[in-house]
Amino acid sequence: MVGSVLFLSSCATTSFVPPVSSILIERAQSDHITAQQLADGRALFATRCLECHTLPSVTSYRSDQWPRLVSRMAARANLTATDERSVAAYLRAAAGP
Amino acid sequence: MKGVLLFLLITIETAFAGARHFTYLYEAPTAAPGSFELENYATGLFSESRWIDLDFRHEIEIGLTNHLQASVYFANWSYDRAAVQYDSASVELIYNFTNPAADLLGLSLYQELGGGRRAFESETKLIAQKNFGPLILLYNFTIEAEWEGEGLCERAGELQQAIGACYELNPRLSLGGEVLHEIVLPDWRRSDSDTNFFAGPNVSYRGNGWFATLTGLKQWTNTADEPPYQVRLIFGISL
């Protein structure tokens, strides 16, 4: 029972807030985004966005749609300009090409 | 389908930060640093035929850091048909250890201290939460201690376990349920204890800069000292 819950928890984490992997880092290189910025973006996405609503899957939107969505909600989530860039970069990389 | 999802996400651009999906349970995420919110609680206790008592709380919630929030309950008061009574004021801290979406399990610790006329109260809570996309599963374990009367000589305790689940139909609306199991220990004696069980549905709506969450609970035990029904509304406004 506990094992099943942990397995499901692990799957949910990977699907909705994927970890910063080498693939994500590689995808973000063209935008001149560092691994640290991706990690910051992931942490902010998981905490600030969750205060208002549950998290959509990162693949729910195309990578070019995420920056506009993040920008629209940045003020509500108390994101600074740097935070906003990190969250958008993480979601762009996680959404894939 | 993606177009509809995109529209829904865009329309919550001014959605409320720190919105609550539950009224009797606390969630693991804490408020964003620098955010201020006013949350008003109204709880109605009902018998089979009429209301017995109305309890109110007014809370200012402040996000201190990414993991710490503080709250001041500046007025806890009640009305019981006969009179309005000011009960107490209290302060609360919640520290978040892990995230319910990014980690295996979201964990937070809650501590509230309250005081009123000849009364002092401490409430400690462990909050565990897991999000599976739009589904939120929540567990609270609470230890409550009260000291009342002349010289605060009368003591009482309560242990409570609560579970909740809700599903976010869209970023504005969620539906779910809450279950409370409490053991009331007058003078901390097991021999005088009451065990109560409450369960019922909830609904939450998040608007532009505000939210409202409503829960109705029925008592599934036969404890005479506890109301058969209770309804709680939390109305929050971003400041």
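Residues numbered from 1 in each chain as written. Chains lettered and ligands numbered in written order. Predicted model: local features only at pLDDT ≥ 70, side-chain atom pairs only at ≥ 80, totals over all residues.

*Asks:* Explain the overall build of chain A residue by residue, including any values.
*Replies:* In terms of regular secondary structure, chain A is built from five helices and zero strands. Along chain A, from the amino end to the carboxyl end, the secondary structure elements read α-α-α-α-α. Residues classed as buried in chain A amount to 46% of the 97 residues present. For chain A, the proportion of contacts with a sequence separation of at least 24, taken over those separated by at least 6, is 74%. (Helix = DSSP H or I, 4+ residues; strand = E, 2+ residues; numbered from the N terminus. Buried ≥ 20, exposed ≤ 12 C-beta atoms within 10 Å, placed from the backbone. Contact = placed C-beta atoms within 7 Å.)

*Asks:* Hey, could you go over the nonpolar core for me, with residue numbers and the actual values?
*Replies:* Ranked by internal contacts, the top residues of the largest apolar core, which has 35 residues, are Leu38(A), Phe45(A), Val87(A), Tyr90(A) and Leu91(A). The element best represented in this core is helix α5 (residues 81-95) of chain A, accounting for eight residues. When sequence neighbours within four positions are dropped, the list of residues in contact with Tyr90(A) reads Leu38(A), Gly41(A), Arg42(A) and Phe45(A). One finds Phe22(B), Tyr24(B), Cys166(B) and Leu180(B) within the second-largest nonpolar core, a separate group that totals ten residues. (Core = buried A, V, L, I, M, F, W, Y, C linked by C-beta atoms within 7 Å.)

*Asks:* Give me the lowdown on the packing of helix α3 (residues 35-48) of chain A against α5(A), citing residues and values where you can.
*Replies:* All names here are of chain A. It is the contact of α3 with α5, at a shortest axis distance of 7 Å, that shows an interaxial angle of 95 degrees. When the axis of α3 is compared with that of α5, the two are roughly perpendicular. Taken together, the residues of α5 that come into contact with α3 (itself represented by Gln 37, Leu 38, Asp 40, Gly 41, Arg 42, Leu 44 and Phe 45) are Asp 83, Ser 86, Val 87, Ala 89, Tyr 90, Leu 91 and Ala 93. (Axes fitted to C-alpha atoms, helices over the stretch in contact; angles between N-to-C directions. Parallel < 35°, antiparallel > 145°, perpendicular 65-115°, else oblique.)

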